[in-house]
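Spelled out from the first residue to the last, the chains are:
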Amino acid sequence: MSTQAHIRLTSAKPENWQAKSLFSFDGNEIAIYCDDLAQLDLRKIQQAARKIETLGVERVKLVGDAWCELSQWAFAQGFSKVGKYRAIEFTGNVDEINALDNKQSVYAWSRELINQTPSKLVPVDLAEQAAEYLTSINDAHVSFDIIKGEALEQQGWTGTYNVGKGSINPPAMLVLDYNPTGDANAPVFTTLVGKGITFDSGGYSIKPSAGMFSMKCDMGGAATVTGALALAIKSGLQKRVKLILCCAENMVSSYAYKLGDILTYKNGTTVEIANTDAEGRLVLADGLIAACEFEGEYIIDAATLTGAAMMATGGEYNALFALDQNMITRAARAASEQNDPAWQLPLANFHKSKCPSAFADTANSTTQKGGGAGGASNAAGFLARFVENEGKGWLHMDLSACYNENANGLWAAGATGSGIATISALLLAD
């Protein structure tokens, strides 16, 4: 098979077409057949792209006038894999090509970051790489601070400090300001918060090997919100946005935090540790407290937080949670428009009390496997304790579609970039 191929969408069935085929060869081109070019089946296009990549094609050029921006991106999602994240030449007008090129570049950066080995990508490195990437896109309007190690405890960021203190690699928090207004007193539009657990052993609630194998991806939330901000900046974002990444390595050692420990957060909330493998919500709590201090209009957090969300969505949708239904409406609309599947799961005020403790305001989970029934909602309920104004303007995204341990009919193995387009669209919305 040639290392480069031209790919065309067509509604005209070629003579050699087989009913169950996703594509056919037409001279030097590969044709993907669609019954209705006005109502494209994006999932089918992604499936075709995945099969085409497995033929050994190294690069592709999309040709013809049947392609739209969404169909080209669906093809890109199916075709891309490790080593082929920047292998597509898009078609269309200048604006469409520029938008897709920006998207391909940002997704490649985020996916490659998630796929890095955990010994290579440690917490401080994650914070530094995110800051360097955004600075490289818009140096004039980006400033940042990285808080490391003992300084986290001294400044009151107890969740990130305690989760990460058992590792030889110190925890870190990135606080970044993108302010294109030039006004130091400009209001914050949105604060993004990302879970940055660069490796999750589970701590003393240790994971089995099978459950630990892919835990390099547990910083997917950090990569997703950084990528979303990067894509929005490349797309002309003119509003002030703060970015907070809570980065730690959850390890077992004589210094690691333990079950039964009680953490006191900056907002006064006390948390008993019932499960050291429910660490993501502990670091996110710091990020949400910090986000509230900025008094922005919106707060969006993203995290590979619970296996329960993946079980509920089948790993094909990200799970959305909010106490503010307006946030769900906005996010669901953005996800649909971007063909970036997401689905609402339950969250109500009573979920805040689903992890009770006899010794603290709350526990971080329960001692039941997976946090018990409704584990994803219970985790979101825990986070809801750390946002103000009864959750107005806050969205929690559990990234259950962020990473695939194995290839399937739609995706190659590894990071997907799912969630980036939705969050970026929310940043760009009026």
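Refer to the structure presented above.
Computed from a prediction, not measured in an experiment: that's the story for all the values here. (Residues numbered from 1 in each chain as written. Predicted model: local features only at pLDDT ≥ 70, side-chain atom pairs only at ≥ 80, totals over all residues. Heavy atoms only, no water.)

**Description of the nonpolar core**
1) Next: With 88 residues, the main nonpolar core has Ile7, Ile32, Phe75 and Leu229 as its most contacted residues.
2) Next: In terms of residue count, helix α8 (residues 220-234) provides more of this core than any other element does, 9 residues in total.
3) Next: Setting aside residues no more than four positions away along its own chain, phenylalanine 75 makes contact with Ile7, Ile32, Ile45, Ala49, Ile52, Val60, Leu62, Trp67 and Ile88.
4) Next: In this structure, Ala291, Phe382, Ala384 and Trp394 belong to the second largest nonpolar core, which totals 42 residues. (Core = buried A, V, L, I, M, F, W, Y, C linked by side-chain atoms within 4.5 Å. Buried < 20%, exposed > 50% of the residue type's maximum accessible area, 1.4 Å probe, protein only. Helix = DSSP H or I, 4+ residues; strand = E, 2+ residues; numbered from the N terminus. Contact = heavy atoms within 4.5 Å.)

**Looking at the layout of surface pockets**
1) Next: Taken as a whole, the largest pocket encloses approximately 1,000 Å³ of empty space.
2) Next: Per-class residue counts for the lining of the largest pocket are 12 nonpolar, 15 polar and 10 charged.
3) Next: What lines the second largest pocket is a set of 18 residues, and nearest its centre among them are Arg43, Glu316, Pro341, Leu410 and Trp411.
4) Next: With 3 residues, helix α1 (residues 42-53) is the single largest residue contributor to the lining of the second largest pocket.
5) Next: By residue class, the composition of the lining of the second largest pocket is 6 nonpolar, 9 polar and 3 charged. (1 Å grid on protein atoms, 1.4 Å probe; cavity = no way out; pocket = protein on both sides within 12 Å on 5 of 7 lines; lining within 4 Å. Points joined across faces, edges and corners; volume = space filled by probe spheres on them. Nonpolar A, V, L, I, M, F, W, Y, C, P; charged D, E, K, R; others polar.)

**Observations concerning the state of the cysteines**
1) Next: Summed over all chains, the structure comprises 0 disulfides.
2) Next: Not engaged in a disulfide, the cysteine cysteine 68 finds its nearest cysteine sulfur in cysteine 34; these two sulfurs lie 9.8 Å apart. (Disulfide = S-S within 2.5 Å.)

**Some thoughts on the pattern of salt bridges**
1) Next: Considering all chains together, one arrives at 14 salt bridges under this definition.
2) Next: The closest approach of N and O atoms between glutamate 112 and arginine 86, which form a salt bridge, is 2.7 Å. Remark: arginine 86 occurs in the loop between α2 (69-79) and β5 (88-89) and glutamate 112 occurs in helix α3 (residues 94-115); sequence separation between them is 26 residues.
3) Next: Of the residues examined, arginine 86 reaches a relative accessible area of 42% and is grouped as partly exposed.
4) Next: For lysine 148, the salt bridge goes to glutamate 128, with nearest N and O atoms at 3.9 Å. Of this pair, lysine 148 sits in strand β6 (residues 142-148) while glutamate 128 is found in helix α4 (residues 123-137), placing the two residues 20 residues apart along the sequence.
5) Next: With relative accessibility at 28%, the residue glutamate 128 sits in the partly exposed group.
6) Next: Each member of the salt-bridge network shares a partner with another, and the members are Arg50, Glu53 and Lys84. (Salt bridge = Lys/Arg side-chain N within 4 Å of Asp/Glu carboxyl O.)

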